[in-house]
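# Coordinates in review
Chain by chain, the residues:
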Amino acid sequence: MTRPLPPLNALRAFEAAARHLSFTKAAEELNVTPGAVSHQVKALEEILNVPLFHRLTRSLRLTVAGQAALPTLIQGFDKLSQGVEQIRAHCESGVLTISVSPSFGAMWLMPRLERFRSLHPDIEIRIDGTDRLVDLTRDSADVAIRFGPGGYSGVRVDHLLTPVNTPVCSPALLEGENPLREPDDLRHHTLLHIDWSDAETSWRMWLLAAGLHDIEPTRGPHFNLENMAVQAARDGQGVALVADVLVADDIAAGRLVHPFDPGISTPFNFRYYLLSTKDGAEQPKIAAFRNWVLAEARTAGPGDKS
């Protein structure tokens, strides 16, 4: 059974007076009179049946009990202040902070985000481009979009997209001395690599799936971000193996093409997920973004939505 706590005002008065060793300075901090602080501390001592201060002629000195209690109370009030600030930041602020990987943010989210802003002009957007893990209950992010195997705990998880990696290149590579028409033609072109952690997404696995065993699978430049590899492909520097959902807009606009049947492509094991706090549905800005981005994903074109 939990013991009842003394009044919060009394604890706050003691904590402030103990830090300053002064009822007057504590009163200035709390915006009350010194007499009110002294009264609250006296009431707390009576409730606890233990003296907390030695009251000297012109100063205060903590008793052993007061010294023992002060560090924990300071920490407790700091935590309360942090909690209140988080409530204000998440619930009162009109700013929606979205944590998203730089490549997915630039290539998929940003081209669509103006539609969300036109629907919700009252919600200010802040994009935090990062792949690091975030704690939505502690960090500044309201929602996060992450690529992974799932299994996220302590948050609400919505499946967003399941990408399929497929070769793409500039239309210019379909012409010229060695036109790219079928998988075997890759031997005449530069392979652009993205350093994924999932082995199934590598050129080595794709070439094996296509039945090509005599093409060196590691030649060509490597990139740690998809958008850099895709830009190199747009510039005609080679053929990139990239998630279809990330290049759907480039394909539609003709900046990139599938040089041959992408049906040979190897599926990812990972998916894109939208993560939000479990009570996020109670916050209008989070609920609005969740509903919008899931609807966008359902109409995103390539990629298995199941």
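Everything discussed here concerns the structure shown above.
One structure accompanies this document, and this report is about it. These figures come from a predicted structure and were not determined experimentally.

### Considerations on the nonpolar core
Core analysis: the largest hydrophobic core is formed by 39 residues, its most contacted members being F104, L109, L160, L161 and F289. Per-element tally for this core: the top contributor is helix α9 (residues 284–298), with seven residues. A13, A18, A27 and L70 belong to the second-largest nonpolar core, a separate cluster that totals 20 residues.

### Description of the sheet that holds strand β6 (residues 156–161)
One open sheet accounts for five strands, arranged β4-β3-β5-β11-β6; its pairing is mixed. The strands lining the two open edges of the sheet, one partner per strand, are β4 (124–129) and β6. The average undirected angle you get between the axes of adjacent strands in this sheet is 25°. Of the strand pairs in this sheet, strand β5 (residues 143–148) and strand β11 (residues 271–276) are connected by six bridges, and their pairing is antiparallel. Bridge pairing links G148 to R271 in β11. Strands in contact with helix α5 (residues 102–119) are β3 (95–100), β4, β5, β6 and β11; relative to β4, the strand with the most contacts, it is inclined by about 175°. In the packing of α9 onto the sheet, contacts are made with β3, β5, β6 and β11, and the angle to β6 comes to roughly 30°.

### Side note on the environment of E296
With respect to the element layout, E296 can be found in helix α9. Relative accessible area serves as the criterion here: at 11%, E296 is assigned to the buried category. Along the sequence, E296 and L160 sit 136 residues apart, while their C-alpha atoms lie 9.1 Å from each other. When sequence neighbours within four positions are dropped, the list of residues in contact with E296 reads W108, R112 and R115.

### Description of the pairing of β3
With respect to burial, β3 is a largely interior element, five of its six residues being buried. One ladder, built from six bridges, connects β3 with β4; its direction is parallel. Among the inter-strand pairings, L96 is bridged to a residue of β4, identified as I125. Handedness of the β3-α5-β4 crossover: right-handed. Sheet topology note: the β3/β5 ladder contains three bridges and is parallel. Residue S99 lies in a different strand from β5, and its bridge partner there is A144.

Conventions used here
Residues numbered from 1 in each chain as written. Predicted model: local features only at pLDDT ≥ 70, side-chain atom pairs only at ≥ 80, totals over all residues. Heavy atoms only, no water. Core = buried A, V, L, I, M, F, W, Y, C linked by side-chain atoms within 4.5 Å. Buried < 20%, exposed > 50% of the residue type's maximum accessible area, 1.4 Å probe, protein only. Helix = DSSP H or I, 4+ residues; strand = E, 2+ residues; numbered from the N terminus. Pairing = 2+ DSSP bridges. Axes fitted to C-alpha atoms, helices over the stretch in contact; angles between N-to-C directions. Contact = heavy atoms within 4.5 Å. Right-handed = clockwise from strand over helix to strand, strands pointing away.

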